[in-house]
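Next come the chains, spelled out residue by residue.
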Amino acid sequence: MKKVVLFTTAISIMLLAFSCRKAAQKGTDDLISENVAFVAGQYARHIAAIEDSGRLLNPKTFINGKIRYIKPQEWTSGFFPGSLWYLYELTGDSVWKRRAIRFTEALDTIQYLTNHHDVGFMIGSSYGNGLRLSGNEPYKAVIVQAAKSLSTRFRPGAGIIQSWNTDRGWQSERGWECPVIIDNMMNLELLFEATKLSGDSSFYRIAVTHADNTIRNQFRSDYSTWHVIDYNPNDGSVRNKNTAQGYAHESCWSRGQAWAIYGFTVCFRETGNKKYLEQAEKAFEFVANHPNLPADGVPYWDYNAPKIPEELRDASAAAIMASALYELSTYSNRDYYKGWADKMVASLSSPAYRAKPGENGYFILMHAVGSIPHNNEIDVPLNYADYYFLEALKRKHDLK
Ligand code: GLY
């Protein structure tokens, strides 16, 4: 009799666990499919507006009731094509693939761009996803050429890739010689990819040299990041530790910290070197333990912004982190990192951050900031917030 009771109890517990897992699974499926249906509706409206214009416009943001479109040379030009690739991947609908190809191939000349470091963002999100999802052979040469262009910015004396030129614009007014921004970690994926495609290991070596010097010079002892390190390009000595888009030189700009978490996660994926994994983990611990991180996991634009809690949030920083943390969860402490990413995705999917259908200039997320010190793109949608949100949904889907 006792045995029968025990057996029945064990079976009941197993059935309960199974149905809880099923319910959780259904919750995940529902969240992803509801988001994907919403995004498909918004981006179909983008496409309709672009078709009405008779031109191949590239949407970046929505300010004062107007969608702002950008030239291929702007650093965010790869994200709209990249989002179309993710829509294709998440829906399986070939109409999105055709659109993704059209918008990707409009960036054909970017492979030759050498006047800033962002070619990694631009080509990775467009051609990189395109190659992964279509296997389109000619895309390989574009990626390798883009890596060659990015490599022209490597300064061997300093062991870093120079992010910005200093001969014009506001960057020429700061007294910098060779500025490197933490965002630059995001361009290394292009170099790793180019080594795999071409067999030329010089791209890989540039990437790890840059990553190592970033560990050495761009992190404080609490693993927060300086936004800009100004190097002497000849001997690698550090001239200045500054900010450009954060609140202060000694504050931590939220999106920069997100770029660091994402970038070092990629470096671990591509090299297997544990020091990069640890750097990503510690950079995230700074965020996870920060007293100014709001309960919904969506950071203020700077962790040290002076008027918190009255400061603006940056949804883009949360979207970038969520995507990075899903990947990180596949290398380490799965439940912990996935739990954080799930929390951020749930917040971003809520009406507090996700637009209503047909609103927000057809972008997905509201409440991102471009650069507060430059009074540029304040509390608006941004195409890269959308892109990393979609990437996070895709990674969440893969983790099921
Ligand atoms: N990479 C520029 C930015 O994050 O605003």
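Residues numbered from 1 in each chain as written. Predicted model: local features only at pLDDT ≥ 70, side-chain atom pairs only at ≥ 80, totals over all residues. Heavy atoms only, no water.

Peer 1: Help me out: how do you make sense of the pairing of strand β1 (residues 59-63) in this one?
Peer 2: Side-chain positions along a regular strand alternate between the two faces of the sheet. Where β1 and strand β2 (residues 66-69) come together, 4 bridges link them in antiparallel fashion. In the strand pairing of β2, P59 is matched with Y69. Taken together, β1 and the strand that follows it, β2, pair antiparallel across an intervening segment of 2 residues, in which N64 is found at a positive phi of about 50°. (Pairing = 2+ DSSP bridges. Helix = DSSP H or I, 4+ residues; strand = E, 2+ residues; numbered from the N terminus.)

Peer 1: Even after reading the chapter, I still don't get the site of the ligand, so can you show me in this structure?
Peer 2: Around the ligand, the surrounding shell consists of W75, D183, Q245, W253, R255 and W259. Here D183 contributes a side-chain N or O atom positioned 2.7 Å from a nitrogen atom of the ligand. When isolated, the ligand has an accessible area of 200 Å², and the protein chains bury 93% of it. For the shell around the ligand, the residue count by class is 3 nonpolar, 1 polar and 2 charged. (Near = heavy atom within 4 Å. Polar contact = N/O pair within 3.5 Å; in protein donor to acceptor, adjacent residues only side chain to side chain. Areas by Shrake-Rupley, 256 points an atom, 1.4 Å probe, with all protein chains shown as cover. Nonpolar A, V, L, I, M, F, W, Y, C, P; charged D, E, K, R; others polar.)

Peer 1: In this structure, what is going on with the nonpolar core? I would like to understand it.
Peer 2: Inside soluble globular proteins, nonpolar side chains tend to come together where they are buried. In this structure, F284 and Y388 are the most contacted members of the largest nonpolar core, which totals 113 residues. Counting residues per element, this core draws most heavily on helix α10 (residues 315-328), at 11 residues. Apart from the residues within four sequence positions on either side, Y388 is in contact with F79, F121, M186, W259, Y262, A319, I320 and S323. Membership of the second largest hydrophobic core comes to 7 residues, among which are I160, C178, I229 and Y231. (Core = buried A, V, L, I, M, F, W, Y, C linked by side-chain atoms within 4.5 Å. Buried < 20%, exposed > 50% of the residue type's maximum accessible area, 1.4 Å probe, protein only. Contact = heavy atoms within 4.5 Å.)

Peer 1: I tried to follow the side chain of D302 on my own but got confused; where do I start?
Peer 2: Residue placement: D302 occurs in the loop between α9 (274-288) and α10. Lacking a salt bridge, the buried D302 has R220 as its closest oppositely charged neighbour, with an N-O distance of 7.9 Å. Side-chain polar atoms of D302 contact the backbone nitrogen of Y247, separated by 2.7 Å. At a separation of 2.8 Å, a polar atom in the side chain of D302 contacts the side chain of S251. (Lys, Arg positive; Asp, Glu negative; His and termini not counted. Salt bridge = Lys/Arg side-chain N within 4 Å of Asp/Glu carboxyl O.)

Peer 1: Just checking my understanding: could you explain unusual backbone geometry for this structure?
Peer 2: Excluding glycine, residues mostly have negative phi values, and the peptide bonds linking residues are mostly trans. Across the junction of I308 and P309, the peptide omega takes the value 10°, indicating a cis bond. Assignment of secondary structure puts P309 in the loop between α9 and α10. We note that N375 has phi near 50°; this positive angle belongs to a residue other than glycine. Considering the arrangement of structural elements, one finds N375 in the loop between α11 (334-349) and α12 (383-399). One non-glycine residue, D379, lies in positive phi territory at about 55°. With respect to the secondary-structure elements, D379 resides in the loop between α11 and α12. Taking the relative accessible area as the measure of exposure, D379 reaches 33% and is therefore partly exposed.

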